Amino acid sequence: MVNIIKIRPIKLEDASKLVELMKIADYRPEEWSQPKIRKYLKKEGHVILVAHQGKKLVGYLGLKEVENEDSRIRALLGTRVDIFGCAEWMAVHPKQRGRGIASSLLKAAEGWMKRHKRKGVWLDCRKSVMPLYEKNRYVLAGTYRGTSKSGLSVLKYVLVKEF
């Protein structure tokens, strides 16, 4: 029997499973992931989409209707930052990669953004994952210097998809 991957917004009872998945899929420590998950569960205009296979979480993607806190992003996107939503910290379980889960998460994210009256979505990423986004018709808007999880200065690539 084949278990189909389904995507839905996170539920409170998913939180501990998501913390574990974040450790495995994106090396995020519990001290980082728990407050982030709590914030997204409580804050209006925020959602975490989870990909699941039966009861097992295999991927996730955080979304915000509006993200205008970073002047570097505003400099790259201009007024689009006010009408686009933001996608952040997507990851898929290492054993599940290459199965189209990330692309399915992006498609679900675009649907969520459209339902929330956003005109597009933007995200930032490392160069190594740009092919995934380009395959899903995201285009490069520019770059900026950011900080990696380990505190090093890294070049971040900002991609957008307009609807």
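Everything discussed here concerns the structure shown above.
Notes on the structure follow.

### Points about the overall build of the protein
Here is step 1 of the chain: Along the backbone of the protein there are 6 helices and 7 strands.
Here is step 2 of the chain: Helices (α) and strands (β) of the protein occur, in sequence order from the N terminus, as β-α-α-β-β-α-α-β-α-β-α-β-β.
Here is step 3 of the chain: Here the C-alpha atoms of the protein give a radius of gyration of 15 Å, agreeing with the 15 Å that 2.2 N^0.38 yields for 163 residues.
Here is step 4 of the chain: Expressed as lengths along the three principal axes of its C-alpha atoms, the size of the protein is roughly 45 × 35 × 30 Å.
Here is step 5 of the chain: Split into buried and exposed, the 163 residues of the protein put 47% on the buried side.
Here is step 6 of the chain: Excluding contacts between residues fewer than 6 apart, the proportion of contacts in the protein whose partners are at least 24 apart in sequence is 66%.
Here is step 7 of the chain: When the accessible surface of the protein is summed, it comes to about 9200 Å², and 52% of that surface belongs to carbon and sulfur atoms.
Here is step 8 of the chain: Where the 34 positive side-chain charges of the protein centre and where its 17 negative ones centre are 5 Å apart.

### Details of the pairing of strand β3 (residues 56-64)
Across a regular strand the side chains alternate sides, sitting on one face of the sheet and then on the other.
Here is step 1 of the chain: With respect to burial, β3 is a largely interior element, 8 of its 9 residues being buried.
Here is step 2 of the chain: Where strand β2 (residues 46-53) and β3 come together, 8 bridges link them in antiparallel fashion. Paired with Val-50 across the strands is Tyr-60, a residue of β3.
Here is step 3 of the chain: Remark: 2 residues form the turn of the hairpin made by β2 and β3, two consecutive strands paired antiparallel; Gly-54 in that turn has positive phi of roughly 65°.
Here is step 4 of the chain: Sheet analysis places β3 next to strand β4 (residues 84-92), joined by 5 bridges and oriented antiparallel. Bridge pairing links Lys-64 to Cys-86 in β4.

### Observations concerning the pattern of salt bridges
Here is step 1 of the chain: If you walk through the whole model with that rule in mind, you get 10 salt bridges.
Here is step 2 of the chain: Residue Glu-30 is joined to Lys-23 by a salt bridge in which the shortest nitrogen-to-oxygen separation is 3.0 Å.
Here is step 3 of the chain: Accessibility expressed as a relative area gives 30% for Glu-30, which makes it partly exposed.
Here is step 4 of the chain: The exposure class assigned to Lys-23 is partly exposed, which follows from its relative accessible area of 31%.
Here is step 5 of the chain: A salt bridge links Glu-162 to Arg-80, with the nearest nitrogen and oxygen atoms 3.4 Å apart.

### Thoughts on the side chain of Asp-14
Here is step 1 of the chain: Following the sequence through the fold, Asp-14 ends up in the loop between β1 (5-9) and α1 (15-26).
Here is step 2 of the chain: One polar contact links Asp-14 to Arg-8, side chain to side chain, over a distance of 2.6 Å.
Here is step 3 of the chain: Apart from residues lying up to four places away in sequence, Asp-14 is in contact with Arg-8, Val-50 and Leu-57.

### With respect to helix α5 (residues 101-115)
Here is step 1 of the chain: Between its terminal C-alpha atoms α5 stretches 21 Å, which fits the 21 Å expected from 15 residues at 1.5 Å a residue.
Here is step 2 of the chain: Among all positions in α5, only Ile-101, Ala-102, Ser-103, Leu-105, Leu-106, Ala-109, Glu-110, Gly-111, Trp-112 and Met-113 are buried.
Here is step 3 of the chain: The positive-phi residue at the C-terminal boundary of α5 is Lys-117, with phi of around 60°.

### Examining the sheet that holds β2
Here is step 1 of the chain: The mixed open sheet is built from 7 strands, whose spatial order is β1-β2-β3-β4-β5-β7-β6. The open sheet has two free edges, formed respectively by β1 and β6 (139-147), since each of these has just one partner strand. Sheet twist, expressed as the mean angle between neighbouring strand axes with direction ignored, is 25°.
Here is step 2 of the chain: In terms of strand pairing, β1 meets β2 through 5 bridges, oriented antiparallel. Note that in β2 the partner of Arg-8 across the bridge is Val-50.
Here is step 3 of the chain: Each of β1, β2, β3, β4, β5 (120-125) and β7 (153-162) is contacted by α5, which is oriented at about 40° to β3, the strand it contacts most.

Rules used throughout
Residues numbered from 1 in each chain as written. Predicted model: local features only at pLDDT ≥ 70, side-chain atom pairs only at ≥ 80, totals over all residues. Heavy atoms only, no water. Helix = DSSP H or I, 4+ residues; strand = E, 2+ residues; numbered from the N terminus. Rg over C-alpha atoms; globule rule 2.2 N^0.38 Å. Buried < 20%, exposed > 50% of the residue type's maximum accessible area, 1.4 Å probe, protein only. Contact = heavy atoms within 4.5 Å. Areas by Shrake-Rupley, 256 points an atom, 1.4 Å probe, with all protein chains shown as cover. Lys, Arg positive; Asp, Glu negative; His and termini not counted. Charge placed at Lys NZ, Arg CZ, Asp CG, Glu CD. Pairing = 2+ DSSP bridges. Salt bridge = Lys/Arg side-chain N within 4 Å of Asp/Glu carboxyl O. Polar contact = N/O pair within 3.5 Å; in protein donor to acceptor, adjacent residues only side chain to side chain. Expected span 1.5 Å × (residues − 1). Axes fitted to C-alpha atoms, helices over the stretch in contact; angles between N-to-C directions.

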